[in-house]
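Here is what each chain is made of, one letter per residue.
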Amino acid sequence: MLLNKTSRLVGFTNRSRKSNMENNSTSDIVILSGNSHPELADLIANRLGVRKGGCSVYHKTNRETMVEIADSIRGKNLYIVQTGTKDVNNNIMELLIMAYACKTSSARSIVGVIPYLPYSKQCKMRKRGCIVTKLLAKMMCKSGLTHIITMDLHQKEIQGFFDCPVDNLRASPFLLQYIQESIPDYRNSVIVARNPGSAKKATSYAERLRLAIAVIHGEQKEAESDEVDGRYSPPCMSSGNISVDKSRTMDVSVGVPVHPAKEKPPINVVGDVGGRIAIMVDDMIDDVQSFVAAAEVLKECGAYKIYVLATHGLLSSDAPRLIEDSPIDEVVVTNTVPHELQKMQCNKIKTIDISVLLSEAIRRIHNKESMSYLFKNVTLED
């Protein structure tokens, strides 16, 4: 009698443990959101079928950032959704403080879901500056983040700055689908690189759509490289301990030769865009003046429709007004960065929802599944 009762208790205990394990597999995932993009966090939580964790992020009267987590997160997997916006420095501090609060609350893992990584353009050494992206990566890892999910980094090499795994997702399948489904007669299109630096991305789009490519040449670079301080110039030849053939050496004036002044060449289009749809692709749209200038050149060359597609729509300063007054027909961006105010000011701005990709990445990381599927066979179905 005692044996049967004990066996029933053991069986009940095993079933309870199994039930608890199944419940924990779905209940130990917590979505937290900062103040940068709460709408995107809501979309991700709804697609995953989980409730957002209680977290309050606010500023005191002295502008210090305060974080209060309402629920217990001990032993749970945390996913903090925080992207870069115009209030970039507050976004960074909110993310760091939230991650550190989760770390000190004994969370099992803390994954930063950062669709647009701030300061990603400052990933190269220029003059007497510094590589700010590396500094930001060190701060994120020190704060407690154990994994990073981001999208379309400005340079892929930025992943090497982090001391934790980084999944750099791609928004190109969504943009390619938009071209195929929402641009009439897209077969008569040409993919345009706004400058030679973006020719690689434009070539990737052109190969997948089997379209021609054009490159706008002559535009001044957005960020001056370190060529201006002479780091790429050849060293000054010294004949101290080296025998130099005087017959093959040209005499110059005393000192280092002065660099010739840079002159901006006239803008021209390499490729045929006459009577075709021009589609400019880039990773982000911030200051739109260069896009507007490129659109005017494309219009003069005979393009009858002009589209601009990018992953991150920062659209700073008076970008909506410039787009509205420009020859650009549509600007298509994803919702990695909130831009509802800009859409109200300009009817040409369209948005693509990429929350399905981020939620699928979170689900795969949580279930310890392979992430390579998202880079090979991305499904765009809800």
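In case you missed it, the structure is sitting above this.
Residues numbered from 1 in each chain as written. Predicted model: local features only at pLDDT ≥ 70, side-chain atom pairs only at ≥ 80, totals over all residues. Heavy atoms only, no water.

**A short note on the overall build of the protein**
A count of helical and extended segments in the protein gives 11 helices and 14 strands. Counting the 382 residues in the protein, one finds 45% classified as buried. For the protein, long-range pairs separated by at least 24 residues make up 66% of all intrachain contacts whose partners lie at least 6 apart in sequence. Of the roughly 21100 Å² of accessible surface on the protein, 52% is carried by carbon and sulfur atoms. (Helix = DSSP H or I, 4+ residues; strand = E, 2+ residues; numbered from the N terminus. Buried < 20%, exposed > 50% of the residue type's maximum accessible area, 1.4 Å probe, protein only. Contact = heavy atoms within 4.5 Å. Areas by Shrake-Rupley, 256 points an atom, 1.4 Å probe, with all protein chains shown as cover.)

**Description of the nonpolar core**
Counting residues in hydrophobic clusters, the biggest one holds 47 residues, and the most contacted among them are Ile149, Leu169, Ile191, Ile279 and Leu358. Of the residues forming this core, the biggest block, six residues, is contributed by helix H10 (residues 355-366). Apart from the residues within four sequence positions on either side, Leu358 is in contact with Leu40, Ile44, Val113, Pro115, Ile149, Met151 and Leu169. One finds Val67, Cys123, Leu136 and Leu153 within the second-largest nonpolar core, a separate group that totals 31 residues. (Core = buried A, V, L, I, M, F, W, Y, C linked by side-chain atoms within 4.5 Å.)

**Structural notes on the sheet that holds strand E7 (residues 166-169)**
On the basis of which strands lie adjacent, the open sheet formed by five strands has the order E1-E4-E5-E6-E7 and parallel pairing. Each end of this open sheet is capped by a strand with a single partner; those strands are strand E1 (29-33) and E7. Strand after strand, the sheet turns through a mean of 20° between neighbouring axes, direction not considered. Taken together, the five bridges between strand E4 (residues 77-81) and strand E5 (residues 109-114) define a ladder with parallel strand orientation. The residue bridging Val81 from the neighbouring strand is Val113, located in E5. (Pairing = 2+ DSSP bridges. Axes fitted to C-alpha atoms, helices over the stretch in contact; angles between N-to-C directions.)

**Quick word on the packing of helix H5 (residues 172-182) against helix H6 (residues 199-209)**
Where H5 meets H6, the closest approach of the two axes is 11 Å, and the angle between their N-to-C directions is 55°. Relative to H6, H5 is oriented oblique. The interaxial crossing formed by H5 with H6 has right-handed handedness. Residues Ser172, Leu175, Leu176, Ile179 and Gln180 of H5 lie in contact with H6, whose contacting residues are Tyr205, Arg208 and Leu209. Of the residues in the contact of H5 with H6, the class split is five nonpolar, two polar and one charged. (Parallel < 35°, antiparallel > 145°, perpendicular 65-115°, else oblique. Left-handed = near helix turned anticlockwise from the far one by under 90°. Nonpolar A, V, L, I, M, F, W, Y, C, P; charged D, E, K, R; others polar.)

**Looking at the pattern of salt bridges**
According to the stated counting rule, one finds 11 salt bridges in the structure shown. Residues Glu360 and Arg363 are paired through a salt bridge, measuring 2.9 Å at the closest nitrogen-oxygen approach. Residue Glu360 and its partner Arg363 are located together in helix H10, separated by three residues, close to a single helical turn. Arg363 is the salt-bridge partner of Glu369, the closest N and O atoms lying 3.2 Å from each other. By relative accessible area, Glu369 is classed as partly exposed at 33%. The class for Arg363 is partly exposed, based on a relative accessible area of 29%. (Salt bridge = Lys/Arg side-chain N within 4 Å of Asp/Glu carboxyl O.)

**Here we look at the sheet that holds strand E9 (residues 212-217)**
Strand order across the open sheet formed by seven strands is E10-E9-E8-E11-E12-E13-E14, with mixed pairing between neighbours. Taken across any chain shown, the strands that pair with only one partner, and hence form the sheet edges, are strand E10 (268-270) and strand E14 (349-352). Adjacent strand axes in the sheet meet at a mean angle of 30° when their direction is disregarded. The sheet contacts of H6 involve strand E8 (189-193), E9 and strand E11 (277-285), and relative to E8 the element is tilted by about 160°.

**Points about a positive patch on the surface**
Together, Lys156, Arg170, Lys200 and Arg208 give the surface a local cluster of positive charge. Its location among the elements puts Arg208 in helix H6. (Patch = residues over 30% accessible without salt bridge, like charges linked within 9 Å, V, L, I, M, F, W, Y side chains within 5 Å. Lys, Arg positive; Asp, Glu negative; His and termini not counted. Charge placed at Lys NZ, Arg CZ, Asp CG, Glu CD.)

**What about the packing of aromatic side chains?**
This model, assessed by the stated rule, comprises zero aromatic pairs. A cation over an aromatic ring shows up here: Arg194 above the ring of Phe291, its NZ or CZ 4.3 Å from the ring centre. (Phe/Tyr/Trp six-rings, centres within 6.5 Å; stacked < 30°, edge-to-face > 60°. Lys NZ or Arg CZ within 6 Å of the ring centre and 35° of its normal.)

**A short note on the pairing of strand E13 (residues 330-334)**
Across the five residues that make up E13, a large majority, five, are buried. Of the two faces of E13, both are covered, the one formed by Glu330, Val332 and Thr334 as well as the one formed by Val331 and Val333. Relative to E13, strand E12 (residues 305-313) runs parallel, the two sharing three bridges. Its bridge partner lying in E13, Leu309 is registered against Val332. Remark: the E12/helix H8 (residues 319-324)/E13 crossover connection has right-handed handedness. Pairing between E13 and E14: four bridges, direction parallel. Residue pairing for E14: Val333 is matched across the bridge by Thr351. For the crossover that starts at E13, traverses helix H9 (residues 340-345) and ends in the parallel E14, the hand is right-handed. (Right-handed = clockwise from strand over helix to strand, strands pointing away.)

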